[in-house]
Structure formats: structure tokens, C-alpha cells
Amino acid sequence: VRVRVGPLAGIVPDSLDFCFDAIVTGTPLSRARLDIEKTLVKARCSGCGAGFEVEGTLFLCSRCGSADIEVVSGTELQVVEIEMADPQAELA
Ligand SMILES: [Zn+2]
């Protein structure tokens, strides 16, 4: 299972991994693995229109320094892909 986690999703990837393991343990899915893909925070400046990546907690336009920016990505928590082996083979 591949998930995409943005830094602003309010999710700690390590916790997500830990919880996933705790949930699947003892079930037929116990061999399922979580593949976490971390993304960057991207924003667009409302002042000059520049698109940029936000570094750390500095939410300012990298071109003009304006604080009037719109976060365009980084809050996502998406399941990107679920890969399954042949269920019969898995349970045999
Ligand atoms: Zn700007």
C-alpha cells in the first residue's frame, strides 16, 4: 500500500507506519506493508504569482517576500496505490 503524505497533513509518517502494522497484525493482511511517500509543501504567491516550495516554517514568497501566499500542496493524505498478490496464493 503506497500512501502520499504532505508535511501539513497533521500526520507523522512514523506513527502512520506503526498504526498500520498494529492494525494488520493477526489478520490475513499481516504481511501488508505501507510505503510512505513524503511530499513537499508548495505554495503560490498572491502578490507576484510566483510558485515555490516552502522550506521549514517560513511561509513567505521566495521571490518578493510577501506573506500573502496560498498553499497548493502539502496537506494531502492519499492512498496512491494498493498492490495485491493473488489472494489464493497469499492465503494458501
Ligand atoms: Zn511573491
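Thresholds, definitions, all that
Residues numbered from 1 in each chain as written. Predicted model: local features only at pLDDT ≥ 70, side-chain atom pairs only at ≥ 80, totals over all residues. Heavy atoms only, no water. Helix = DSSP H or I, 4+ residues; strand = E, 2+ residues; numbered from the N terminus. Rg over C-alpha atoms; globule rule 2.2 N^0.38 Å. Contact = heavy atoms within 4.5 Å. Areas by Shrake-Rupley, 256 points an atom, 1.4 Å probe, with all protein chains shown as cover. Donors = N, O, S within 2.8 Å, 3.2 Å for Na, K, Ca; no water. Tetrahedral: all angles 85-135°; square planar, octahedral: opposite > 155°, others 65-115°. Buried < 20%, exposed > 50% of the residue type's maximum accessible area, 1.4 Å probe, protein only.

It is worth spelling out the overall build of the protein at this point. Within the protein one finds two helices and six strands. Counting helices and strands in the order they occur from the N terminus, the protein gives β-α-β-β-β-β-β-α. Computed over its C-alpha atoms, the radius of gyration of the protein comes to 18 Å, more than 25% above the 12 Å expected for a compact globule of 92 residues. In terms of its C-alpha atoms, the protein occupies a principal-axis envelope of roughly 60 × 20 × 15 Å. Contacts spanning at least 24 positions in sequence make up 57% of the contacts within the protein whose residues lie at least 6 apart. About 6,600 Å² of surface is accessible on the protein, with carbon and sulfur atoms providing 54% of the total.

For the rest of this paragraph, the subject is the coordination of the zinc ion. Ideal values differ by geometry: the angle at a metal is 109.5 degrees with four tetrahedral donors, but 90 or 180 degrees with six octahedral donors. Around the zinc ion, the donor atoms from the protein are Cys45 (SG), Cys48 (SG), Cys61 (SG) and Cys64 (SG), and they sit 2.3 to 2.4 Å away. Taken together, the four donor atoms surrounding the zinc ion define angles of 105 to 115 degrees at the centre, an arrangement classified as tetrahedral. In terms of primary sequence, the donors binding the zinc ion are separated according to C-x2-C-x12-C-x2-C. Looking at Cys61, the relative accessible area reads 5%, which means it is buried.

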